[in-house]
Amino acid sequence: MGKTADLTVVQKTTIDTLHKEGKRQKVIAKEAGCSQSSVSKHINREAKGRKRCGRKKCTSNRDNRTLERIVKQNPFKNVGEIHKEWTAAGVSASRTTTHSCRIPCVKPLLNNRQRQKRLAWAKDKKDWTAAEWSKGPRVWRKRGEAQNPRCLRSSVKFPQSVMVWGAMSSAGVGPLCFLRSKVNAAVYQDVLEHFMLPAADQLYGDADFIFQQDLAPAHSAKATSTWFKDHGIPVLNWPANSPDLNPIENLWGIVKRKMQYARPNNAEELKATIRATWALITPEQCHRLIDSMPRHIAAVIQAKGAPTKY
C-alpha cells in the first residue's frame, strides 16, 4: 500500500476529487484507503504531468470505445462479464486490463436548446455572490433519478437500492425521507408537507429562502406549483439536465465516497448506512458547496452552456 502504481482507479479518482476540494493529504489518505505517501506521490505525479510508468498500452482507442459502450449499456456488470463481452467483440485483453481501464464520466446529454437555456440561466445568476447563494437556494433531491442510482450502485456496489430524499442548505442538512412507492405529484407534495417544511424551520427559522429542485414530472406538475404558491415558497428556476448547477449533487458524491467500503446485506442495513453517513455531513461542508456556486456559474458560461467538470 505505498506505491502510486498500486492505487486503483477508484482510489486515484477519490484522491483527485478530494484534492480539488482542498482536503489535507491525511484526510484524503483515510478516505481513499491508502497511505499518505501514496496520496502525495499521486498528486505530485499529476501536477508535474509525468508519464505513467508500466507496460505499454495493449488496447487501441477503438478497443477502449468498445469497452465504454459495453459498460454504458449496463454499469452493474462485474469485471468477468464485461471482459467476456469485450473479448467477444474481438479485443484481445486480459481480465486485469479490463479492471484497470478508465471509463470516462458520463455527463447528461444536452441538446442545443438546453445548452442555450443553461447559458442564459448562468448569465442571469453570474452576479450572485457566495453570500447571496448562502441566503437563497435550499436544495432538495430524490435519490433514484437518472444518473444518481446508477452512480450509487456501480460505485459502491450494493446489491440493494433505495429511494431517498434529502435536503441541504448552507447551514447544514435536513432529515432524510425514504420512499417506498413511485413518486407522483401527490407523493411529492406529501414529502414537502411532512419533511421539507420541518427541515426549512430547522435550517432557516423565520428567514426567507428560495427552494431549488430539478424538473422531474412530480416537481413541475401544476398541482405542485400550486402547492408552492399556497405556501408562499418561491422556487428557483432551473435548466434541464444540469446536475452541475445543483449543489446537492456534489453532496451525494461525498456521501457515496464515505460509503464506498460499507457492505450492507439488505435494504434496511443500506438505509441505516445512508442515515449514519448523512449524519456525518457538517454545516461547513454544506457551506463550501454553496460557496462554490459562483465558480459553477462561471464554468457554464465559459463552456457556453455545455457540461462542466462539476
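Keep in mind that this is a model prediction, so the values were computed, not measured. (Residues numbered from 1 in each chain as written. Predicted model: local features only at pLDDT ≥ 70, side-chain atom pairs only at ≥ 80, totals over all residues. Heavy atoms only, no water.)

**With respect to helix H2 (residues 25–32)**
For step 1, the next point in the chain: Within H2 the residues assigned to the buried category are Ile28, Ala29 and Ala32. Projected onto a plane normal to the axis of H2, the buried residues spread over an arc of 100 degrees and lie on a single side. Facing away from the buried surface of H2 by more than 90 degrees, the exposed residues are Lys26 and Lys30.
For step 2, the next point in the chain: Of the residues trailing H2, Gly33 is marked for its positive phi of about 75 degrees. (Buried < 20%, exposed > 50% of the residue type's maximum accessible area, 1.4 Å probe, protein only. Helix = DSSP H or I, 4+ residues; strand = E, 2+ residues; numbered from the N terminus. Arc of directions from axis to C-beta.)

**As for the confidence of the model for the chain**
For step 1, the next point in the chain: Predicted confidence across the chain gives a mean pLDDT of 78, with 77% of residues reaching 70 or more.
For step 2, the next point in the chain: Between residues 100–104, whose pLDDT stays under 50, and residues either more than four places distant or in other chains, the model counts 12 contacts.
For step 3, the next point in the chain: Under a pLDDT of 50 for its full length, residues 140–158 has, in the predicted model, 64 contacts with residues more than four places off or in other chains. (pLDDT = per-residue confidence, 0-100. Contact = heavy atoms within 4.5 Å.)

**Section: the packing of helix H13 (residues 247–258) against helix H15 (residues 283–291)**
For step 1, the next point in the chain: For the pair H13 and H15, interaxial distance at closest approach is 9 Å and the crossing angle is 140 degrees. Classified by the angle their axes make, H13 and H15 are oblique. As H13 packs across H15, the resulting crossing turns out to be right-handed. When H13 is examined against H15, the residues Pro247, Asn250, Leu251, Ile254 and Lys258 are found in contact with a partner set consisting of Gln285, Leu289 and Ile290.
For step 2, the next point in the chain: For the contact of H13 with H15, the residue count by class is 5 nonpolar, 2 polar and 1 charged. (Axes fitted to C-alpha atoms, helices over the stretch in contact; angles between N-to-C directions. Parallel < 35°, antiparallel > 145°, perpendicular 65-115°, else oblique. Left-handed = near helix turned anticlockwise from the far one by under 90°. Nonpolar A, V, L, I, M, F, W, Y, C, P; charged D, E, K, R; others polar.)

**A short note on the packing of aromatic side chains**
Any pair of aromatic rings gets described here by the distance separating the centres and the angle formed by the planes.
For step 1, the next point in the chain: Inspection of the entire model under this criterion finds 5 aromatic pairs.
For step 2, the next point in the chain: A ring pair is formed by Phe211 and Phe228, whose centres lie 5.1 Å apart and whose planes are at 40 degrees; its orientation type is tilted. Of this pair, Phe211 sits in strand E5 (residues 210–212) while Phe228 is found in helix H12 (residues 222–230), placing the two residues 17 residues apart along the sequence.
For step 3, the next point in the chain: The buried category is assigned to Phe211, whose relative accessible area is 0%.
For step 4, the next point in the chain: Taken together, the aromatic side chains of Phe211, Trp227 and Phe228 make up a single cluster linked through ring pairs.
For step 5, the next point in the chain: One residue, Lys125, lies across the ring of Trp128, its end atom 5.8 Å from the ring centre. (Phe/Tyr/Trp six-rings, centres within 6.5 Å; stacked < 30°, edge-to-face > 60°. Lys NZ or Arg CZ within 6 Å of the ring centre and 35° of its normal.)

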